[in-house]
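# Coordinate analysis (summary)
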Amino acid sequence: MSEQDLQLVVASRTDGAEGVVVLELTDPAGADLPAWTPGAHVDLVLTDDLVRQYSLCGDPGDRSRYRIGVLREPAGRGGSAHVHDRLHEGDEVRVRGPRNHFELVGAPRYVFVAGGIGITPILPMVAAVRAAGGVAEVHYGGRSRRSMAFLEELEGHTLHPQDEVGLIDLDAVLGDLAPGTLVYCCGPEPLLAAVEERVAPEVLHLERFTPKDVGDPVRSDSFEVELSLSGTTLTVPPDRSIMAVLRDHGVEMLSSCEEGTCGTCETGVLEGEVDHRDSLLTPAEQAANDVMFVCVSRAACPRLVLEL
Ligand code: FES
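Residues numbered from 1 in each chain as written. Predicted model: local features only at pLDDT ≥ 70, side-chain atom pairs only at ≥ 80, totals over all residues. Heavy atoms only, no water.

## Points about the overall build of the protein chain
Here is the rule: Numbering of helices and strands starts at the N terminus; helices are DSSP runs of H or I of at least 4 residues and strands are runs of E of at least 2. When we talk radius of gyration, it's over C-alpha atoms, and the globule rule is simply 2.2 Å times the number of residues to the 0.38. Note on classification: 1.4 Å probe, protein chains only; a residue is buried when its accessible area is under 20% of the maximum for its type, exposed when over 50%, partly exposed between these limits. We call two residues in contact when some of their heavy atoms are within 4.5 Å. All accessible areas in this document rest on Shrake-Rupley with a 1.4 Å probe, and a residue is counted as covered only by the protein chains that are shown. His is not counted here, nor are the chain ends, while Lys and Arg score as positive and Asp and Glu score as negative. Every charge is mapped to an atom, namely NZ of Lys, CZ of Arg, CG of Asp or CD of Glu.
Helix and strand content of the protein chain: seven helices and 18 strands. Taking 19 Å as the expected radius of gyration for a compact globule of 308 residues, we find that the protein chain reaches 20 Å, a close match to that expectation. Each principal axis of the C-alpha distribution contributes one length, and for the protein chain these read about 55 × 50 × 35 Å. Here the protein chain holds 308 residues, and the buried ones make up 49% of them. The contacts of the protein chain with a sequence gap of at least 6 include a subset with a gap of at least 24, amounting to 62%. When the accessible area of the protein chain is evaluated, it comes to approximately 14,200 Å², of which 48% is carbon and sulfur surface. Measuring between centres, the 25 positive side-chain charges of the protein chain sit 3 Å from its 50 negative side-chain charges.

Structure below.
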């Protein structure tokens, strides 16, 4: 999937649920949009310093439009308020991506656990599993039915409106998984953390849009980063990210979230041990030590050699 920089137009804006708007974005000239796969997200570049990621929740087979759902988050940092208050039908919006760090891996059966607006990446996954004849069990929780978007697309699945039935009983849902089942989860941090506690990492796929707490860095001192293509060696002090130091030295780095959740700054690692501080890689992917996200991850050794 190649990343692109697009100028799209808001073709439609509807209320998806209490506090949720659903936008359909199209090319102003009617061109096909870049292909994507279930689990993908795009960046909405709302202003120069306001870039937010939203999962694509439409039909990947329909290249004429992207659909996103945006929850207004009053305690957020302004992205969702900007979308709610300033993006109207007919407005142009810059979109980057799509990219996918939440790929649907082939399996005979799946359990999907979604909390609130975390349902968005799950919708096209469920459609794809159904279309392929697989088994998809969906557990979708939210504060109340009024706050839960896309309910009409999830008929036959299990809804958990908290004001009616309480929180999702994760012990019951995840306690006895049939062999071969993969679990996909997206939602607020407490839900993700609770699912992580109950499911073995090799069968669990999570997507975070807010960074998880990764504690203190492994090293408290400086380390070196060698750029294999130019042979340049840079020193990264404790108070700077690798990305910031690269930019200080004129290395162009694409970035979006700058907090280890979007995957834009993925960089190959040739030598050295990484202190992975992202919220994207699984424990096995982190252990493979062949890529890192330089906006947040650091060195767990004196020197890293990067594919740059
Ligand atoms: S910029 Fe988003 S992971 Fe680094």
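## Details of the UniProt feature "domain: FAD-binding FR-type" (unreviewed entry) in the protein chain
Using the following cut-off: UniProt positions are given in the numbering used here, feature names are shortened, and annotations may be inferred rather than shown by experiment.
The UniProt feature table records "domain: FAD-binding FR-type" (unreviewed entry) at residues 3-105. For residues 3-105, the end-to-end C-alpha separation is 21 Å, with 8% helix and 47% strand making up the annotated structure.

## Description of helix H2 (residues 119-131)
Counted only if it meets this: Every helix has an expected span of 1.5 Å times one less than the residues it contains.
The end-to-end C-alpha distance of H2, which contains 13 residues, comes to 18 Å, matching closely the 18 Å that a straight helix rising 1.5 Å per residue would cover. Every buried residue of H2 is listed here: Ile119, Thr120, Pro121, Ile122, Leu123, Pro124, Met125, Val126 and Val129. For H2, the elements touching its buried residues are strand S4 (50-55), strand S5 (66-71), strand S7 (109-115), strand S8 (135-142), strand S10 (181-186) and strand S11 (204-207). In the segment just after H2, Gly133 is the residue with positive phi, at about 80°.

## Here's the deal with the side chain of Glu259
Considering the arrangement of structural elements, one finds Glu259 in the loop between helix H6 (242-248) and strand S14 (266-271). Take Glu259: its relative accessible area is 19%, and that puts it in the buried class. Contacts of Glu259, omitting those with residues within four sequence positions, involve Arg77, Phe209, Pro211, Cys295 and Val296.

## Observations concerning the sheet that holds S8
Within a sheet, neighbouring strands are paired by backbone hydrogen bonds and run either parallel or antiparallel to one another. Let me state the cut-off plainly: Any two strands with at least two DSSP bridges between them are considered paired. The angle between two axes is taken between their N-to-C directions and runs from 0 to 180 degrees, where each axis is a line fitted to C-alpha atoms and a helix contributes only its stretch in contact.
Read across the sheet, five strands follow the order S9-S8-S7-S10-S11 without closing on themselves; strand pairing throughout is parallel. Each edge of the sheet is formed by a strand with only one pairing partner; in this case those strands are strand S9 (158-161) and S11. Here the average twist between neighbouring strands, direction ignored, is 15°. Its contacts with the sheet put H2 on S7, S8, S10 and S11, and the angle it makes with S7 is roughly 160°.

## Describing the environment of Ala11
Note on placement: Ala11 falls in strand S1 (residues 4-17). Distance from Ala11 to Pro28, taken between C-alpha atoms, is 8.8 Å for residues 17 residues apart in sequence.

## Quick word on the nonpolar core
Keep this limit in mind: Buried Ala, Val, Leu, Ile, Met, Phe, Trp, Tyr and Cys residues form a nonpolar core when they are joined through side-chain atoms within 4.5 Å.
Grouped together as the largest cluster of nonpolar side chains are 25 residues, with contacts concentrated most on Ile242, Met292, Val294, Leu304 and Leu306. Elements represented by at least two residues in this core include exactly strand S12 (223-227), strand S13 (233-236), H6, strand S16 (291-293) and strand S18 (303-306). By size, the runner-up hydrophobic cluster in this structure holds 24 residues, among which are Ala17, Ile122, Met148 and Tyr184.

## Digging into the packing of aromatic side chains
We count it as follows: Two aromatic rings from Phe, Tyr or Trp, using only the six-membered ring of Trp, form a pair when their centres are within 6.5 Å; if the ring planes differ by under 30 degrees the pair is stacked, by over 60 it is edge-to-face, and anything between is tilted.
Taken as a whole, this structure holds four aromatic pairs when the rule is applied. On the basis of an interplanar angle of 55° and a centroid distance of 5.5 Å, the ring pair of Phe102 and Tyr184 is categorised as tilted. On the criterion of sequence distance, the pair formed by Phe102 in the loop between strand S6 (92-99) and S7 and Tyr184 in strand S10 is long-range, its members being 82 residues apart. We note that Phe102, like Tyr184, is buried.

## Some thoughts on the environment of Leu104
Within the secondary structure, Leu104 sits in the loop between S6 and S7. Take Leu104: its relative accessible area is 22%, and that puts it in the partly exposed class. When the C-alpha positions of Leu104 and Tyr184 are compared, they lie 8.5 Å apart, and in sequence the two are 80 residues distant. Aside from chain neighbours lying at most four places away, what touches Leu104 is Pro38, Tyr110, Phe112, Met125, Ala128, Val129 and Tyr184.

## Focus: the domain arrangement of the protein chain
Put simply, the test is: All domain edges in this entry derive from an automatic or database-based domain assignment. For any pair of parts, buried area is found by adding up, for both, the accessible area (1.4 Å probe) each one loses once the two are put together. Definition used for salt bridges: Asp or Glu carboxyl oxygen within 4 Å of a side-chain nitrogen of Lys or Arg. Any pair of N or O atoms that falls within 3.5 Å is considered a polar contact. Within protein, one atom must be able to donate a hydrogen and the other to accept it, and sequence-neighbouring residues count only if both atoms are side-chain atoms. We call Asp, Glu, Lys and Arg charged. Ala, Val, Leu, Ile, Met, Phe, Trp, Tyr, Cys and Pro are nonpolar, and the rest, Gly among them, are polar.
In terms of domain boundaries, the protein chain breaks down into domain 1 (4-99), domain 2 (109-207) and domain 3 (223-306). On a C-alpha basis, the centres of domain 1 and domain 2 stand 23 Å from each other. When domain 1 packs against domain 2, close to 1,200 Å² is buried across both sides, 59% of that on carbon and sulfur atoms. Scanning the region where domain 1 abuts domain 2 turns up three salt bridges. Among the salt bridges present, the one from Arg143 reaches Glu18, with a minimum N-O distance of 3.9 Å. Across the contact surface, domain 1 and domain 2 share two residue pairs in polar contact (both at pLDDT 80 or more). Among the secondary structure elements, those contributing two or more residues to the side of domain 1 that touches domain 2 are S1, strand S2 (20-26) and S5. It is S5 that contributes the most residues to the side of domain 1 that touches domain 2, four residues altogether. Class assignment of the residues belonging to the side of domain 1 that touches domain 2 gives a composition of 10 nonpolar, six polar and two charged.

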